[in-house]
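# Descriptive analysis of the structure
Now for the letters of each chain:
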Amino acid sequence: MFTRSFKNGSTFLRLSAFNAGGFSTLSAVIRQLAAILLLLYAANGYARPDMTPLGPNIADKGSAFYHFTVNTFDSVDGKRHYKVWTAIPNKKPPASGYPVLYLLDGNAVMDRLSDELLQKLSLRDPPVLVAIGYQTDLPFDLTARAYDYTPATQGSPQNMRGRTGGGSAVFRTLLERTIAPQAEKDLAIDPQKRALWGHSYGGLFVLESFLSSDFFHTFYSAVPSLDRHNAALLNALEQVNEAQGSQKSLWFMEGDGDRKTRDENATSDVLNALSQTVSRLRSRGIPATYRLYPGLTHGAMFDASMHSALLDVSGETLAEAQ
């Protein structure tokens, strides 16, 4: 019969015993295979985002606290097409300029922004928000984000669940040299308060940006997909130049809900590694924070981490552990 085990967030099946009498009929075999597929779906379903087409967002409906501009861009190779929303506070900027937060997966971000949340930001030091999405009515462009948000590896391009990865350097150049100047045009921006947030593959992009770019100064990496192809990023973080790293701030935002659902006593090598990395960075004078959201799953961390990043950029003090 079939048994299952878990490793790195995936289900592995093995045939522990099988003989001619194990399945008496073809229909029994089919039922067993169907059960296996259900197990696979239940164990790994958290990684599948809701792809229901989106309706009007806050930019379409209007806000009492922000106003919006929209720009479109194309990748250099013409294969990816971006839609970028810039949310500008109605409140006058401080003398040093607005803080600004760039958010990946901009379609889903805009769908989740509410006027209630924007009002909360406006009570403090409201940031300009730049939501970088794609020209689609879906919350995620799965093919485009797999390429844009994941780092290149030696040899062949990364295979991200059947999608080509490895285009983060190209996307970062577009973001910093083309998208950001247009988004910030004619706005009073404080370059020392320029931040970047990303979830899952976007979290990988944030970590790599911390290592390779001085354009941003605060980096919010939510549930980065380090347990698949990109664990080497943690090793690179521990080798970062101290003088350069001390001028930046890095946040790791993680939930343990997926593992706790499968096993209440489960521990995670990934979460332990992240916590240790933060400790080592801090011991060298590099500002780093590990914030755990108990019970939240990979998908639920999208909203929770985004809200935390918004509040932190606006000046609200966040504790390390929620």
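Heads up: the structure comes first, above all this text.
What you see is a predicted model; the values in this text were computed from it and never measured. (Residues numbered from 1 in each chain as written. Predicted model: local features only at pLDDT ≥ 70, side-chain atom pairs only at ≥ 80, totals over all residues. Heavy atoms only, no water.)

Here we come to the overall build of the protein. For the protein, the count of helices and strands is 12 helices and 12 strands. At a minimum sequence separation of 6, the contacts of the protein that also span at least 24 residues come to 70%. Put simply, the protein shows about 15,500 Å² of open surface, and 51% of that area lies on carbon and sulfur atoms. (Helix = DSSP H or I, 4+ residues; strand = E, 2+ residues; numbered from the N terminus. Contact = heavy atoms within 4.5 Å. Areas by Shrake-Rupley, 256 points an atom, 1.4 Å probe, with all protein chains shown as cover.)

With respect to the element layout, glutamine 119 can be found in helix H4 (residues 115-122). Sequence separation of glutamine 119 and serine 63 is 56 residues, and the distance between their C-alpha atoms is 9.0 Å.

Here proline 93 shows up in the loop between strand S4 (81-89) and strand S5 (98-103). Aside from chain neighbours lying at most four places away, what touches proline 93 is Tyr98 and Ala188.

This next bit is on the nonpolar core. Core analysis: the biggest nonpolar cluster contains 47 residues, and Tyr102, Val130, Ile132, Leu250 and Phe252 have the highest contact counts within it. Those residues in contact with valine 130 that lie beyond four places of it in its chain are Val84, Trp85, Thr86, Val100, Leu101, Tyr102, Leu103 and Ala183. (Core = buried A, V, L, I, M, F, W, Y, C linked by side-chain atoms within 4.5 Å. Buried < 20%, exposed > 50% of the residue type's maximum accessible area, 1.4 Å probe, protein only.)

Pairing in this open sheet of eight strands is mixed, and the strands run S3-S4-S6-S5-S9-S10-S11-S12 from one edge to the other. Each of the sheet's edge strands pairs with one partner strand only, and the pair in question is strand S3 (66-74) and strand S12 (288-293). Across the sheet, the axes of successive neighbouring strands diverge by a mean angle of 15°, strand direction being ignored. Note that S5 and strand S9 (residues 189-199) share five bridges and pair parallel. By the bridge assignment for S9, valine 100 is matched with arginine 194. Strands S3, S4, S5 and strand S6 (128-134) of the sheet are contacted by helix H6 (residues 168-183), whose axis makes an angle of about 140° with S3. (Pairing = 2+ DSSP bridges. Axes fitted to C-alpha atoms, helices over the stretch in contact; angles between N-to-C directions.)

In this section: the pattern of salt bridges. Note that side chains of opposite charge can pair when their charged atoms are close. Inspection of every chain in the model, using the stated rule, returns 11 salt bridges. Arginine 80 is paired through a salt bridge with aspartate 77; the nearest N and O atoms lie 3.2 Å apart. Residues lysine 193 and aspartate 125 are paired through a salt bridge, measuring 3.9 Å at the closest nitrogen-oxygen approach. Of this pair, lysine 193 sits in strand S9 while aspartate 125 sits in the loop between H4 and S6; the two residues are 68 residues apart in sequence, bridging distant segments of the chain. (Salt bridge = Lys/Arg side-chain N within 4 Å of Asp/Glu carboxyl O.)

We now examine the packing of aromatic side chains. Think of a pair of aromatic rings as described by two things: how far the centres are apart, and how the planes are tilted against each other in angle. All chains considered together, the criterion is met by 12 aromatic pairs. Aromatic side chains tryptophan 197 and phenylalanine 302 sit 5.1 Å apart centroid to centroid with 90° between the ring planes, which places their arrangement in the edge-to-face category. Residue tryptophan 197 is found in strand S9, and its partner phenylalanine 302 is found in helix H12 (residues 301-313); the two are separated by 105 residues along the sequence. Grouped by ring-pair contacts, the aromatic residues Tyr82, Tyr134, Tyr149, Phe171 and Phe205 constitute a single cluster. When the ring centre of phenylalanine 205 is taken as origin, the NZ or CZ atom of arginine 172, which lies over that ring, is 4.5 Å away. (Phe/Tyr/Trp six-rings, centres within 6.5 Å; stacked < 30°, edge-to-face > 60°. Lys NZ or Arg CZ within 6 Å of the ring centre and 35° of its normal.)

Topologically, lysine 83 is positioned in strand S4. Among the residues examined, lysine 83 registers a relative accessible area of 30% and is labelled partly exposed. Ignoring any residue separated from it by four or fewer positions in sequence, one finds lysine 83 in contact with Val70, Asn71, Ala131, Ile132, Gly133, Tyr134 and Gln135.

Peptide bonds are mostly trans, and most non-glycine residues show a negative phi. Here aspartate 105, not a glycine, exhibits a phi torsion of approximately 55°, which is positive. Tracing the backbone shows aspartate 105 in the loop between S5 and helix H3 (106-112). Relative accessible area serves as the criterion here: at 2%, aspartate 105 is assigned to the buried category. Even without glycine at this site, aspartate 186 takes up a positive phi of about 65°. In this structure, aspartate 186 sits in the loop between H6 and S9. The class for aspartate 186 is exposed, based on a relative accessible area of 74%.

Time to look at the side chain of aspartate 190. By the element assignment, aspartate 190 lies in strand S9. Buried charge without a salt bridge: aspartate 190, with lysine 193 as the nearest opposite-charge side chain at an N-O distance of 4.5 Å. Beyond its immediate sequence surroundings of up to four residues, aspartate 190 is in contact with Ser96, Gly97 and Tyr98. (Lys, Arg positive; Asp, Glu negative; His and termini not counted.)

Here nine bridges tie S3 to S4, and the two strands are oriented antiparallel to one another. Note on S4: the bridge partner recorded for threonine 72 is lysine 83. The hairpin turn running from S3 into S4, its antiparallel successor, is six residues long, and glycine 78 in that turn takes a positive phi close to 75°.

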